[in-house]
Amino acid sequence: MWPDLIKKSKEGGLDAIETYVFWNAHEPARRQYDFSGNNDLIRFLKTIQDEGLYAVLRIGPYVCAEWNYGGFPMWLHNMPGVELRTANDVYMNEMKNFTTLIVDMVKKEKLFASQGGPIILAQIENEYGNAMSSYGDAGKAYLNWCASMADSQNIGVPWIMCQQSDAPQPMINTCNGWYCDSFEPNSPTSPKMWTENWTGWFKSWGGKDPHRTAEDLAFSVARFFQRGGTFQNYYMYHGGTNFGRTAGGPYITTSYDYDAPLDEFGNLNQPKWGHLKQLHDVLHSMEKTLTHGNISTIDYGNSVTATVYATEEVSSCFLGNANETTDATIDFQGNTYTVPAWSVTVLPDCKTEEYNTAKVSTQTSIMVKKPNKAEEEPSSLKWSWRPEDTVKTVVLGQGHVVANQIIDQKAAANDASDYLWYMTSVNLDKADPVWSDNMTLRVNGSGHMLHAYVNGDYLGSEWAKYGVFNYVFEQAIKLKPGSNVISLLSATVGFQNYGAYFDLIGSGISGPVELVSHKGDETITKDISGHKWSYKTGLNGLESKLYSSNSPGSSMWQSEDLPTDKMMTWYKTTFDAPLGTDPVVVNLQGMGKGMAWVNGHSIGRYWPSYIAEEDGCSADLCDYRGPYDNNKCVTNCGSPTQSWYHVPRSFLEDDVNTLVLFEELGGNPSYVNFQTVTVGTACGNAYENKTLELSCQNRPISGIKFASFGNPQGVCGSFVKGDCEGSNDALSITQNLCVGKEGCSIEVSESTFGSTSCATDRRLAIEAVC
């Protein structure tokens, strides 16, 4: 997808692509490196270069990014004597080694701008200023060391540190956030730079879908450049998918769509992509004035300002209204302008309004999912299955490692799998003080999910919620005199990736693990945490790679008596790739929780049984006015957090494809089906003297459902005519211009649609069917 995404980014008006470098992906084991396939950093940078764009290389190597463990490899955590992100020789030696490795690779390919390459900026560390105070003097020493180490790399382009107000020179401190117009760098010689303008927000299991309006995002960008900004980066411009086990958090979903201008599947997220493209085009037209002009500002009061960038040859202007509710009408250089609340008007020549952030004149696309036309699903999918073999773990309690204590999952499993078995044997007789007919097993956990078994029988499960990861599992048990096997399966859902000392947050079973006896008013507790515990990382099906076509156990699948709602079960089917080129998704509604593979490629964790919170959503149109945060405009309340999972077409074969599911909680695969994602409806609501472009994403426009020029009301899908209308028939005009074509351009003017009685703000609303 890289070339297509980068091409669409350039078409959207971007000048540069910013990318992290993920340490755990590139050095999964100490001094064993992986730059192959999707990890080919050099190929990615050269793809950017081939498209004629610049690059910003955020080496970190701590990246956060809602990525598993913030991008740190787990072997680093498990090194003796290591302390992460502080003045610790073990850590700093490893960090310097990896940073130098990346720099040397890039230098060898001559990719820094100082060598004629595309990379204009590099970043060391990431948002350390948000956590540094917790590390005291050692944190400050580490910060200074980072700056010195980076500077010694001699890359010939500037180094940046985001969210680091005390970044030492020559590091440039930058801003991250929803709004950075009021940010000022810590040195008068440093440019005002914004490394992360959050285009939306990430989603967690159990969380709602956050959205940020195109109007507010554009307002934040325009206001930043109005107030002296020089560099602004979107986080994310394309969010994508957390394939495999890359999602961190914990509890970050497989989808990382981020409500970005390019959606998870690479489609244009309209109107956001188009509205920003128009802003970028206007800003590019003013580039010389913005970079060379003298700046002056007029304050009109009530959060209304005018800013003039002037050179000897030309001037360009911004009219800003940061009031959250009140539109402003101002006299500026002999003309009168109305600036809506919470918006910026851009006047490239200080006279003509070319753009206003609150006036969206680009297409709105309503995306739909269409059935797989290659076959009749889900009925055509024939499933086979096999149970996860748990005899050695659940019944016998046999593992690979033994210790007389409870071990943190990060240390025991080394991040080789989500799954870690904790197993012990408890010998009891009826004379033991804890023995009674009313006993429970109590487990203190922080491993996100726990499944408990006693003497081979399933006891129950417990899982945490996003933001609250510690829990107590307690269930009644029946033990027998003599030896009793207790087997606990801990399943993580991405390791912590942010915050001071995030690396020290416990995972797995934190303990204590106790037997609790209730005898009348008396409670007797027996702590078995210090018993001999046996540990086994992963599952047998994962070890034998049941998801792979060349698995040694591929002949042991069963096709009869397909079980449903059965825990710890593997399912497999074959399917035909959906026709066409539209992005492919698989609907896993009906399944519980687990992992999915297509042709051996992991498409990530799935958990459609996790229902999003029921409160906080509104049927009202989101008001773009006023400061945004990730709770302001949310949808999907009370629905599955994520039902649809991205299957890149690069994962698919032309003939037979294989889907394998590992189901952890229990589900029904008979509902699973593959579909494609495409534009179903294309709407426009463009203002007069603008050109409205409509497109159905490489498919012809089949019809025009609504068209009105004047003052139409409503939103896409529910437009109605207003009280004034152009004298020409807007519907027939747009039908003639657009129907049967993959795209059309419509000049929004009275010359096209006829005169109206509307006083101001004439616009065209149109709904096209794809």
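Values in this document were obtained by computation on a predicted structure and should not be read as measured data. (Residues numbered from 1 in each chain as written. Predicted model: local features only at pLDDT ≥ 70, side-chain atom pairs only at ≥ 80, totals over all residues. Heavy atoms only, no water.)

**Some points on the overall build of the protein**
Then comes step 1: Secondary structure assignment for the protein yields 14 helices and 39 strands.
Then comes step 2: The C-alpha atoms of the protein give a radius of gyration of 29 Å, which matches the 27 Å a tight globule of 770 residues would have.
Then comes step 3: When its C-alpha atoms are laid out on the principal axes, the protein stretches across 95 × 60 × 60 Å.
Then comes step 4: The buried share of the protein, taken over its 770 residues, is 59%.
Then comes step 5: Look at the contacts in the protein between residues 6 or more apart in sequence, and 73% of them connect residues 24 or more apart.
Then comes step 6: About 30900 Å² of surface is accessible on the protein, with carbon and sulfur atoms providing 48% of the total.
Then comes step 7: In the protein, which carries 57 positive and 87 negative side-chain charges, the distance between the mean positions of the two groups comes to 4 Å. (Helix = DSSP H or I, 4+ residues; strand = E, 2+ residues; numbered from the N terminus. Rg over C-alpha atoms; globule rule 2.2 N^0.38 Å. Buried < 20%, exposed > 50% of the residue type's maximum accessible area, 1.4 Å probe, protein only. Contact = heavy atoms within 4.5 Å. Areas by Shrake-Rupley, 256 points an atom, 1.4 Å probe, with all protein chains shown as cover. Lys, Arg positive; Asp, Glu negative; His and termini not counted. Charge placed at Lys NZ, Arg CZ, Asp CG, Glu CD.)

**Re the state of the cysteines**
Among covalent bonds in proteins, the disulfide is the one between the sulfur atoms of two cysteines.
Then comes step 1: A complete count under the given rule lists 8 disulfides for this structure.
Then comes step 2: A sulfur-sulfur separation of 2.0 Å characterises the disulfide bridge that pairs Cys696 with Cys770. Residues Cys696 and Cys770 are joined through a disulfide that is left-handed, its torsion about the S-S bond being -80 degrees. Of the two residues, Cys696 sits in the loop between β36 (691–695) and β37 (703–710) while Cys770 sits in the segment after β39 (763–769), which places them 74 residues apart along the sequence. The residues Cys696 and Cys770 share a single accessibility class, namely buried. (Disulfide = S-S within 2.5 Å.)

**Some words on the packing of aromatic side chains**
Then comes step 1: Tallying each qualifying case throughout the model produces 51 aromatic pairs.
Then comes step 2: A ring pair is formed by Tyr20 and Phe22, whose centres lie 6.0 Å apart and whose planes are at 65 degrees; its orientation type is edge-to-face.
Then comes step 3: Positioned over the ring face of Tyr687 is Lys359, at 5.8 Å from the centre of the ring.
Then comes step 4: Sitting over the face of the ring of Trp607, Lys593 holds its NZ or CZ atom 5.4 Å from the ring centroid. (Phe/Tyr/Trp six-rings, centres within 6.5 Å; stacked < 30°, edge-to-face > 60°. Lys NZ or Arg CZ within 6 Å of the ring centre and 35° of its normal.)

**Re a negative patch on the surface**
Then comes step 1: A surface patch of negative charge is lined by Asp576, Glu653, Asp654 and Asp655.
Then comes step 2: Relative to the assigned elements, Asp655 resides in the loop between β33 (644–647) and β34 (656–663).
Then comes step 3: A residue is classified by how much of its surface remains accessible, and Asp655, at 53% relative accessible area, is exposed. (Patch = residues over 30% accessible without salt bridge, like charges linked within 9 Å, V, L, I, M, F, W, Y side chains within 5 Å. Salt bridge = Lys/Arg side-chain N within 4 Å of Asp/Glu carboxyl O.)

**Section: the pairing of strand β22 (residues 457–463)**
Then comes step 1: Relative to β22, strand β21 (residues 449–454) runs antiparallel, the two being bridged by 6 bridges. Bridge assignment links Val454 to a residue of β22, and that residue is Asp457.
Then comes step 2: Between β21 and β22, which pair antiparallel one after the other, the connecting turn spans 2 residues, and Asn455 there sits at a positive phi close to 55 degrees. (Pairing = 2+ DSSP bridges.)

**Side note on helix α3 (residues 41–50)**
Then comes step 1: For α3, the complete set of buried residues consists of Leu41, Ile42, Phe44, Leu45, Thr47 and Ile48.
Then comes step 2: Here the buried face of α3 lies against α1 (2–11), β1 (16–20), α2 (23–26), β2 (54–60), α5 (89–108) and β3 (119–124).
Then comes step 3: Of the residues trailing α3, Gly52 is marked for its positive phi of about 80 degrees.

**Here we look at the domain arrangement of the protein**
Then comes step 1: Once the domains are mapped, the protein shows domain 1 (1–176 + 192–212 + 228–281), domain 2 (369–388 + 544–677), domain 3 (390–538) and domain 4 (688–769).
Then comes step 2: On a C-alpha basis, the centroid separation for the pair domain 1 and domain 3 is 37 Å.
Then comes step 3: Across the boundary between the two partners, domain 1 contributes 29 residues, which contact 24 residues of domain 3.
Then comes step 4: Overall, the association of domain 1 and domain 3 removes approximately 2300 Å² of surface from exposure, summing both partners, and the carbon and sulfur fraction of that is 54%.
Then comes step 5: Interface area lost by domain 1 to domain 3 is led by Arg245, Pro250 and Tyr251, which between them contribute 31%.
Then comes step 6: At the junction of domain 1 and domain 3, the tally comes to 2 salt bridges.
Then comes step 7: With its nearest N and O atoms 2.7 Å apart, the salt bridge here joins Arg245 to Asp415.
Then comes step 8: Its residues assigned to classes, the side of domain 1 that touches domain 3 shows 16 nonpolar, 9 polar and 4 charged. (Domains from an automatic or database assignment. Buried area = accessible area lost by both parts, 1.4 Å probe. Nonpolar A, V, L, I, M, F, W, Y, C, P; charged D, E, K, R; others polar.)

**Regarding helix α13 (residues 730–738)**
Then comes step 1: Among the residues of α13, those classed as buried are Ala730, Ile733, Thr734 and Cys738. Summarising the axial view, the buried residues of α13 lie within an arc of 105 degrees, below the 170-degree limit, and thus occupy one face.
Then comes step 2: Backbone nitrogen of Leu731 and a side-chain oxygen of the N-cap are separated by 3.2 Å at the start of α13; the cap is Asp729.
Then comes step 3: Of the residues flanking the end of α13, it is Gly740, one or two places downstream, whose phi is positive at about 90 degrees. (Arc of directions from axis to C-beta. Polar contact = N/O pair within 3.5 Å; in protein donor to acceptor, adjacent residues only side chain to side chain.)

**Structural notes on the side chain of Glu663**
Then comes step 1: Checked against the element boundaries, Glu663 lands in strand β34.
Then comes step 2: The buried charged residue Glu663 lacks any salt bridge partner; its closest oppositely charged side chain belongs to Lys593, at an N-O distance of 8.3 Å.
Then comes step 3: A distance of 3.0 Å separates a polar side-chain atom of Glu663 from the backbone nitrogen of Gly592.
Then comes step 4: In this structure the side chain of Glu663 is engaged in a polar contact, spanning 2.9 Å, whose partner is the backbone nitrogen of Leu665.

**Focus on the sheet that holds strand β27 (residues 533–537)**
Then comes step 1: Taken in spatial order, the 6 strands of this open sheet run β18-β27-β19-β24-β21-β22, and their pairing is antiparallel. Of all strands in the sheet, those bounded by a partner on one side alone are β18 (401–403) and β22. In this sheet, neighbouring strand axes are inclined to one another by 20 degrees on average, regardless of whether the strands run parallel or antiparallel. (Axes fitted to C-alpha atoms, helices over the stretch in contact; angles between N-to-C directions.)

**Some thoughts on the UniProt feature "domain: SUEL-type lectin" (unreviewed entry) in the protein**
Then comes step 1: UniProt's feature table lists "domain: SUEL-type lectin" (unreviewed entry) at residues 686–770, given in the numbering used throughout.
Then comes step 2: Within the segment residues 686–770, helix and strand shares are 15% and 32% respectively, and the terminal C-alpha atoms sit 19 Å apart. (UniProt positions renumbered as here; feature names shortened; annotations may be inferred.)

**Considerations on the sheet that holds strand β28 (residues 569–576)**
Then comes step 1: Reading across from one edge, β17-β28-β34-β30-β31 is the order of the 5 strands in this open sheet, with antiparallel pairing throughout. Strand pairing shows two members of the sheet lacking a second neighbour, β17 (384–387) and β31 (601–606), which therefore form its edges. Taking each pair of neighbouring strands and ignoring which way they run, the sheet shows an average axis angle of 20 degrees.
Then comes step 2: Pairing between β28 and β34: 8 bridges, direction antiparallel. Residue pairing across strands places Thr573 opposite Leu659, the latter belonging to β34.

**Here's the deal with the environment of Asn438**
Then comes step 1: As for its placement among the helices and strands, Asn438 is situated in the loop between β19 (419–428) and β20 (439–445).
Then comes step 2: Expressed as a C-alpha distance, the spacing of Asn438 and Gly520, which sit 82 residues apart in the sequence, is 9.6 Å.
Then comes step 3: Residues contacting Asn438, with those up to four places away along its chain left out, are Val516, Ser517 and His518.

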